[in-house]
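# Structural overview for review
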Amino acid sequence: MRKLFFLPVLLLAAPAAAQQEPSTAAHVTEAIAACQAITEADDVRYDNLPPMEWDNAKRRGARSQRVFKGLYQKEGNNALIVVANEQLEAKTCVVQAFLPDTASYVPLLQEVSQSIGTPEQQDGYSYFWTIAGHTVRVDPAGDAKRPFARFEISAIPQESAE
């Protein structure tokens, strides 16, 4: 496995996130599907994101574009996919769904549930699904000025799935 060096992606995501419009349920569902496609019990195949049109996120500046390793965006989709060192070690993929305000968290989850099904479990503001051999956990994240929903996708090991 090649060694990757990432700065803490969430710190870098702030400039990219500042450019983001709120994510729709369709954006989130598409990003979750991409994460499911690349996440296996023993690996996260982030190099399969570009063929699905998810490319390294870029911050557009006056003179150049800065590329953020481990942070992926897709044209027409306002969610971000995060696959940095932390996710590679944990064998997870994260979707950051931007919200217009903190009150939009539950309505977004209700809309996403129409596509991926009703959550199987709730713990406070965290919700959990099992979808096609993967677990999906969502938590509110960010702050009042830049809230987002953080969906974490991981594959269920085959012996556990049987």
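Residues numbered from 1 in each chain as written. Predicted model: local features only at pLDDT ≥ 70, side-chain atom pairs only at ≥ 80, totals over all residues. Heavy atoms only, no water.

## Observations concerning the nonpolar core
In terms of nonpolar packing, the biggest core is built from 33 residues, with Ile 32, Leu 49, Ile 81, Val 83, Val 95 and Phe 151 touching the most fellow members. When residues of this core are assigned to their parent elements, the largest contribution, seven residues, is made by helix α2 (residues 25–38). Ala 57, Phe 68, Leu 80 and Val 94 belong to the second-largest nonpolar core, a separate cluster that totals nine residues. (Core = buried A, V, L, I, M, F, W, Y, C linked by side-chain atoms within 4.5 Å. Buried < 20%, exposed > 50% of the residue type's maximum accessible area, 1.4 Å probe, protein only. Helix = DSSP H or I, 4+ residues; strand = E, 2+ residues; numbered from the N terminus.)

## Structural notes on α2
When the terminal C-alpha atoms of α2 are compared, their 20 Å separation across 14 residues agrees well with the 20 Å that a helix rising 1.5 Å per residue should span. Buried within α2 are the following residues: Ala 25, His 27, Val 28, Ala 31, Ile 32, Ala 34, Cys 35, Gln 36 and Ile 38. (Expected span 1.5 Å × (residues − 1).)

## Thoughts on the packing of α2 against helix α4 (residues 105–116)
Between α2 and α4, the least distance of the axes is 9 Å, while the angle of their chain directions is 50 degrees. If you check the angle between α2 and α4, you find them oblique. Where α2 crosses over α4, the handedness of that crossing is right-handed. Taken together, the residues of α4 that come into contact with α2 (itself represented by Ala 25, Val 28, Thr 29 and Ile 32) are Leu 108, Glu 111, Val 112, Ser 115 and Ile 116. Its residues assigned to classes, the contact of α2 with α4 comprises six nonpolar, two polar and one charged. (Axes fitted to C-alpha atoms, helices over the stretch in contact; angles between N-to-C directions. Parallel < 35°, antiparallel > 145°, perpendicular 65-115°, else oblique. Left-handed = near helix turned anticlockwise from the far one by under 90°. Contact = heavy atoms within 4.5 Å. Nonpolar A, V, L, I, M, F, W, Y, C, P; charged D, E, K, R; others polar.)

## Topic: the pattern of salt bridges
Enumeration over the complete set of coordinates arrives at five salt bridges. Linking Lys 74 and Glu 30 is a salt bridge whose minimum nitrogen-to-oxygen distance equals 2.6 Å. Residue Lys 74 is located in strand β4 (residues 65–74), and its partner Glu 30 is located in helix α2; the two are separated by 44 residues in the primary sequence. Its salt-bridge partner being Glu 152, residue Arg 150 comes within 3.5 Å of it at the nearest N-O pair. Put simply, Glu 40, Asp 43 and Arg 45 are held in one network by salt bridges that share partners. (Salt bridge = Lys/Arg side-chain N within 4 Å of Asp/Glu carboxyl O.)

As far as function goes, none of this settles anything; it's purely spatial.
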